[in-house]
Amino acid sequence: MPRRQVYRAWRGIEMKTVVCFGEALIDFQPVSGPDPAGTTTYQQHAGGAPANVAVAVASLGGRSGFVGMLGSDAFGDFLFESLGKAGVDMGHVQRTSAAPTALAFVTLDAQGERSFSFYRQPAADLLFRECKLAPAVFEDAAAFHACSNSLTEEGIAQATLACLRRARQAGVLVSFDVNLRPALWPREANPAPRIWSALALADVVKLSREELGFLAASVDGEAAVIEALWKHRAALLIVTDGSRPLRWFAPGTQGALESFRVRAIDSTAAGDAFTGGLLYALASRGIGRESLPALLADAERFDEVLRFAAACGALAVTRRGAFAAMPSRSEVETLLHSQSPATAEVTAE
């Protein structure tokens, strides 16, 4: 079956909702370099890792919803409107006047790699509590996605872990992207214990190469990380590494996928675009927790899912911003049909 027909076949499935939980904030991106007086001009963009994933899914034509707390301020209004315009279901979003919306200033180097300066504590997204999560969130959910940015303080950490447990109890596939931002954590805090608490509840785990190294230092190396994930019932680990090949692991097998060749402008939301593409590809095929192992055992079908996600991440780095960087399904399919990254040999452990 030609690839173009395969991707069309996805559209015949009644897709459930990818629910994304946690952080939404304003990314201030530099419009240009400093002027002669040394002043840099910034422009606001809607962002926040889980919010980016929700927009990525919606931009591909899928169903997504966002769950979290936004400030009752102009920035919160901007986020609410931006998510809604992107096609994200906002029916489970809370608003508060008790804290402002978080801000992040983004700096880009010559290769488009980004760094952040956060203005977040206190911030509205940290005030969400599990009691605000309606049971209806899980009724039509294909996946529930979160990241470690909602583990940085005790209250929001307990809310996040409780929501992940409820998703598991509801039979919903749980996705977790570590997305470690050390600047968001208290200086004396060790993020590893809370992150491992969340990983213990995940079916799908996404890490960067640096995050795998961080977790490996908390146990006894990379092999111990992978063994611990399987012990906690995870089914899939994906490790991304910028423009270098990604690695994936499943119980008893592993492999790699070459990256797409693109010109990088801004890597701000590349990982979120990849994750959104992955969750869209799974949900649009009707793949949930119970059927995920069968997909992983089918090399051709799993390769198609990985390539789709990788194409989403690659396209996101070719444009600025976070929400604005998320590709459409037609753009992804165009890239898929113009390039064919090679899948490295799959090996058994």
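What to know about the overall build of the protein
Next up, step 1: When helices and strands are counted, the protein shows 11 helices and 14 strands.
Next up, step 2: By the burial criterion, 56% of the 349 residues in the protein qualify as buried.
Next up, step 3: A total accessible area of about 14,500 Å² is found for the protein, and carbon and sulfur atoms account for 51% of it.

Here we look at the pairing of strand β11 (residues 236–241)
Next up, step 1: For β11, a buried count of 6 out of 6 residues is recorded, marking the element as mostly surrounded by other parts of the structure.
Next up, step 2: One ladder, built from 5 bridges, connects strand β10 (residues 204–208) with β11; its direction is parallel. When the sheet's bridge partners are listed, Val205 is paired in β11 with Leu237.
Next up, step 3: Bridging between β11 and strand β12 (residues 244–250) involves 4 bridges; their strand directions are antiparallel. Looking across to β12, one finds that Ile238 is bridged to Trp248.
Next up, step 4: Between β11 and β12, which pair antiparallel and follow one another directly, the connecting turn spans 2 residues, one of which, Gly242, has a positive phi of 60°.

Topic: the state of the cysteines
Next up, step 1: Overall, the coordinates contain 0 disulfides when judged by the stated rule.
Next up, step 2: Between Cys163, a cysteine without a disulfide, and Cys131, which holds the nearest cysteine sulfur, the sulfur-to-sulfur distance is 9.6 Å.

Comments concerning the packing of helix α2 (residues 49–59) against helix α8 (residues 270–284)
Next up, step 1: Between α2 and α8, whose axes approach to 8 Å, the crossing angle comes to 50°. What the angle tells us is that α2 and α8 run oblique. Between α2 and α8 lies a crossing whose hand is right-handed. Together, Ala49, Asn52, Val53, Ala56 and Val57 of α2 and Asp272, Ala273, Thr275, Gly276, Leu279 and Tyr280 of α8 make up the contact between the two elements.
Next up, step 2: In the contact of α2 with α8, the residues fall into 7 nonpolar, 3 polar and 1 charged.

Comments concerning the pairing of strand β4 (residues 64–71)
Next up, step 1: Among the 8 residues of β4, 8 are classified as buried, and the element is accordingly described as predominantly covered.
Next up, step 2: The side-chain alternation of β4 yields two buried faces, one formed by Ser64, Phe66, Gly68 and Leu70 and the other by Gly65, Val67, Met69 and Gly71.
Next up, step 3: Direction of pairing for strand β1 (residues 17–21) relative to β4: parallel, over a ladder of 4 bridges. By the bridge assignment for β4, Phe21 is matched with Val67.
Next up, step 4: As judged from the 6 bridges shared by β4 and strand β5 (residues 89–96), these two strands associate in the parallel manner.

Observations concerning the confidence of the model for the protein
Next up, step 1: Scored by pLDDT, the protein comes out at a mean of 90, with 89% of its residues at no less than 70.
Next up, step 2: Segment residues 1–9: pLDDT under 50, and 15 contacts once partners within four positions in sequence are set aside and those in other chains are kept.

Describing the packing of aromatic side chains
Next up, step 1: On inspection of all chains with the given rule, the structure shows 9 aromatic pairs.
Next up, step 2: Relative to Phe308, the ring of Tyr280 lies with its centre 5.6 Å away and its plane at 25°, an arrangement referred to as stacked. A residue pair is termed long-range when its members are at least 10 positions apart, and Tyr280 in helix α8 and Phe308 in helix α10 (residues 299–316) qualify at 28 residues.
Next up, step 3: Given the relative accessible area of 2%, Tyr280 is considered buried.
Next up, step 4: You can call Phe308 buried: its relative accessible area is 0%.
Next up, step 5: In textbook terms, an aromatic cluster arises when at least three aromatic residues are bridged by ring pairs, as seen for Phe28, Tyr42, Phe75, Phe105 and Tyr119.

Some details on the environment of Gly171
Next up, step 1: In this structure, Gly171 sits in the loop between α4 (154–169) and β9 (173–177).
Next up, step 2: Take Gly171: its relative accessible area is 45%, and that puts it in the partly exposed class.
Next up, step 3: Taking the C-alpha atoms as reference points, Gly171 and Glu290, 119 residues apart in sequence, are found 8.5 Å from one another.

Structural notes on the pattern of salt bridges
Next up, step 1: All chains considered together, the criterion is met by 13 salt bridges.
Next up, step 2: Residues Glu130 and Arg166 are paired through a salt bridge, measuring 2.8 Å at the closest nitrogen-oxygen approach. Of this pair, Glu130 sits in the loop between β7 (114–119) and β8 (141–147) while Arg166 sits in helix α4, placing them 36 residues apart in sequence.
Next up, step 3: Overall, Glu130 belongs to the partly exposed group, its relative accessible area being 26%.
Next up, step 4: A relative accessible area of 19% places Arg166 in the buried class.
Next up, step 5: The shortest N-O distance in the salt bridge between Asp241 and Arg209 comes to 2.8 Å. Here Arg209 lies in helix α6 (residues 209–218) and Asp241 lies in strand β11, a separation of 32 residues in the sequence.
Next up, step 6: The buried category is assigned to Asp241, whose relative accessible area is 13%.
Next up, step 7: When salt bridges with common partners are traced through the structure, they connect Arg209, Glu210, Asp241 and Arg244 into a single cluster.

Criteria and cut-off values
- Position numbers for residues start from 1 in each chain and track the written sequence from start to end.
- Note on the predicted model: pLDDT of at least 70 is required for a residue's local features to be given, and 80 or more for side-chain atom pairs to be given and counted; whole-chain, interface and lining totals, by contrast, use all residues.
- The side-chain quantities take in all heavy atoms of the structure and omit both hydrogens and water.
- Elements are defined by DSSP. Helices are runs of H or I of four residues or more, strands are runs of E of two residues or more, and each kind is numbered from the N terminus.
- Exposure categories follow from relative accessible area, calculated using a 1.4 Å probe and restricted to protein chains: below 20% of the type maximum is buried, above 50% is exposed, and the middle band is partly exposed.
- Only the protein chains shown count as cover for residues, and the accessible areas themselves come from Shrake-Rupley with a 1.4 Å probe.
- Should DSSP find at least two bridges between two strands, the strands are taken to pair.
- When two cysteine sulfur atoms lie within 2.5 Å, the pair is treated as a disulfide.
- Each axis is a line fitted through C-alpha atoms, taken for helices only over the stretch in contact, and angles between the N-to-C directions span 0 to 180 degrees.
- The labels follow the angle: roughly parallel below 35 degrees, roughly antiparallel above 145, roughly perpendicular from 65 to 115, and oblique for the rest.
- Crossing handedness is read from the near helix: turned anticlockwise from the far helix by less than a right angle, it gives a left-handed crossing, and turned clockwise, a right-handed one.
- Contacts were defined at the residue level, with two residues in contact if any of their heavy atoms lie within 4.5 Å.
- Residue classes follow a fixed rule: Ala, Val, Leu, Ile, Met, Phe, Trp, Tyr, Cys and Pro count as nonpolar, while Asp, Glu, Lys and Arg count as charged, and any other residue, Gly among them, counts as polar.
- Each residue carries a pLDDT value, the predictor's own confidence for that position, ranging from 0 to 100.
- In this scheme Phe, Tyr and Trp rings, the latter by its six-membered ring, pair at centre separations within 6.5 Å, and the angle between planes marks the pair as stacked below 30 degrees, edge-to-face above 60, and tilted otherwise.
- By definition here, a salt bridge exists when the distance from a side-chain nitrogen of Lys or Arg to a carboxyl oxygen of Asp or Glu is within 4 Å.

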